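The primary structure of each chain is shown beneath.
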Amino acid sequence: MTSTQLKAVGAAGTTVLLWASAFVTIRSAGAAYSPGALALGRLLVGTLVLGVLCLVRREGLPHRGAWPGIAVSGVLWFGLYMVVLNWGEQKVDAGTAALVVNVGPLVTALLAGWLLGEGLPRRLLAGMAVSFAGAAMVGLSMAGDGTASVMGVLLCLLAAVSYAGGVVAQKPALRHGSALQVTTFGCATGAAACLPFGGVLVSEAGRAPLSATLDVVCLGVFPTALAFVAWAYALARTTAGRMGATTYAVPALVVLMSWLFLDEVPGAVTLLGGAVCLAGVAMARGRSRKPAPTASPATPHCPATPGAVRRTGPRPR
């Protein structure tokens, strides 16, 4: 594995780890902030951090070819996804949310195969199926009373589809701009789309405890600014389908973090589901072995004899 490939794997791992931590942090911040206000606050902090990084690295505007992908991913992924996911998880139990939201990577693979010409490798689809089964086990084992509203299911489904559309739109943009540029302006686009929640954010920030506001800041710095830049860096160096499959490691890490930081001891089924998730990710991200190329028959070479040598110069006298 080359150094570039190692960096891409490290970036993908960083993203998954930070996104897993977001679920734990959102649980705390969500008690004081509504879904729209939480999304806007997170995006504003993320845009500020990313903007400073752009200034420090002296990165200007991306090439105009990147803007369509930035605009679409900014609205769908940074904006719509964050709002409807926060909203949907307030209306459905954990099991239903896990089943519906984790359709996202599968939709990503299908869209990438269709729109980006990545194809649908059997190893990728098999690994994603295994990981989805593991995510379902984790979600169902951690479910509450099992109640779910139709609206909540639709919101989670919309979150999954908007996530997939955002990833597929971001991939072509990375051909024309750096990971930092695409992420910065995508985050800013999402923040602009969430500005209608500005009044609610100001009102709730005045009443929220300091700990909840610090949670929003942490969400903006780590799972938004740093994680999305790392994601874009890795996405530029692999396919959208394989990157989507990587996110199936998130449920397993959420279980571990809840155990370590919230004293929520997982059951046997939950642990088994987490292990299945990781096994599916390993399967999906692995490369299929290609058969060794067969050596073509060598062209027979007849050694030249003195009499067969072609002379181009004057004949010796």
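Residues numbered from 1 in each chain as written. Predicted model: local features only at pLDDT ≥ 70, side-chain atom pairs only at ≥ 80, totals over all residues. Heavy atoms only, no water.

On to the overall build of the chain, then. The number of helices and strands found in the chain is 13 helices and 0 strands. Counting helices and strands in the order they occur from the N terminus, the chain gives α-α-α-α-α-α-α-α-α-α-α-α-α. Scored against the burial criterion, the 317 residues of the chain give a buried share of 45%. Restricting to contacts in the chain with at least 6 residues of sequence separation, those with at least 24 account for 91%. (Helix = DSSP H or I, 4+ residues; strand = E, 2+ residues; numbered from the N terminus. Buried < 20%, exposed > 50% of the residue type's maximum accessible area, 1.4 Å probe, protein only. Contact = heavy atoms within 4.5 Å.)

Glancing now at a nonpolar patch on the surface. Nonpolar side chains collect at one region of the surface, where V150, L154, L157 and V161 lie side by side and expose about 370 Å² of accessible area between them. The residue V150 is located in helix α7 (residues 150–173) in this model. (Patch = residues over 30% accessible without salt bridge, like charges linked within 9 Å, V, L, I, M, F, W, Y side chains within 5 Å. Areas by Shrake-Rupley, 256 points an atom, 1.4 Å probe, with all protein chains shown as cover. Salt bridge = Lys/Arg side-chain N within 4 Å of Asp/Glu carboxyl O.)

Time to look at helix α1 (residues 3–29). Taking 1.5 Å per residue as the helical rise, α1 with its 27 residues ought to reach 39 Å, and the 38 Å between its terminal C-alpha atoms agrees with that figure. Largest kink in α1: about 25 degrees, centred on F23. Those residues of α1 not exposed but buried are A8, A11, A12, T15, V16, L18, W19, A20, A22, V24, T25 and A29. (Expected span 1.5 Å × (residues − 1). Bend = angle between axes of the 7 residues up to and from the residue.)

Moving on, we get to the environment of T213. Residue placement: T213 occurs in helix α10 (residues 210–235). In this structure, the C-alpha to C-alpha distance between T213 and L38, residues 175 residues apart in sequence, is 9.4 Å. Residue contacts for T213: discarding those within four places in its chain leaves Y33 and A208.

Attention now goes to the packing of helix α2 (residues 35–57) against helix α3 (residues 67–88). Between α2 and α3, the shortest axis-to-axis distance is 8 Å and the interhelical angle comes to 140 degrees. Relative to α3, the element α2 lies oblique. Handedness of the α2/α3 crossing: right-handed. In this structure, α2 contributes P35, G36, L38, A39, R42 and L43 to the contact, and α3 contributes F78, G79, M82, V83, N86 and W87. (Axes fitted to C-alpha atoms, helices over the stretch in contact; angles between N-to-C directions. Parallel < 35°, antiparallel > 145°, perpendicular 65-115°, else oblique. Left-handed = near helix turned anticlockwise from the far one by under 90°.)

Located in the positive-phi region is R58, a residue other than glycine, with phi close to 55 degrees. Within the secondary structure layout, R58 lies in the loop between α2 and α3. Look at R58 and you get exposed, because its relative accessible area is 79%.

We now examine the state of the cysteines. If you walk through the whole model with that rule in mind, you get 0 disulfides. Not part of a disulfide, C194 finds its nearest cysteine sulfur in C187, a span of 9.6 Å. (Disulfide = S-S within 2.5 Å.)

On to the nonpolar core, then. Among soluble globular proteins, nonpolar side chains are generally buried collectively. Among the nonpolar cores identified, the biggest contains 72 residues, and Y33, W77 and W231 are the most heavily contacted of them. Sort the elements by how many residues they give to this core and α10 lands first, with 11 residues. If sequence neighbours within four positions are ignored, W231 has contacts with T15, W19, W77, Y163, V167, Q170, M243, G244 and T247. (Core = buried A, V, L, I, M, F, W, Y, C linked by side-chain atoms within 4.5 Å.)

The next thing to look at is the pattern of salt bridges. Throughout the structure, instances matching the rule amount to 1 salt bridge. Across the pair E59 and R57 runs a salt bridge whose closest N-O atoms are separated by 3.2 Å.

Further remarks concern the side chain of T224. Mapped onto the elements, T224 comes out in helix α10. Here T224 falls in the buried class, since its relative accessible area comes to 1%. Excluding residues within four positions of it along the chain, T224 makes contact with R42, L43, G46, M82, C187 and L219.

On to the confidence of the model for the chain. Any segment with low pLDDT has predicted coordinates that should not be analysed in fine detail. Averaged over all residues, the pLDDT of the chain is 80; the fraction at 70 or higher stands at 80%. Contacts from residues 290–317, a stretch scored under 50 in pLDDT, to residues over four places away or in other chains number 0 contacts. (pLDDT = per-residue confidence, 0-100.)

By the definition in use, this model includes 10 aromatic pairs. Taking 6.1 Å as the distance between ring centres and 50 degrees as the angle between the ring planes, the aromatic pair formed by W77 and F78 counts as tilted. There is no split in this pair, since W77 and F78 are both buried. A ring pair is formed by W77 and Y163, whose centres lie 5.8 Å apart and whose planes are at 65 degrees; its orientation type is edge-to-face. Here W77 is found in helix α3, whereas its partner Y163 is found in helix α7, with 86 residues between them in sequence. Y163 carries the same exposure label as W77, and that label is buried. Taken together, the aromatic side chains of W19, W77, F78, Y81, Y163, F228 and W231 make up a single cluster linked through ring pairs. Its guanidinium or amino end placed over the ring of Y233, R237 lies 3.7 Å from that ring's centre, counting from NZ or CZ. (Phe/Tyr/Trp six-rings, centres within 6.5 Å; stacked < 30°, edge-to-face > 60°. Lys NZ or Arg CZ within 6 Å of the ring centre and 35° of its normal.)

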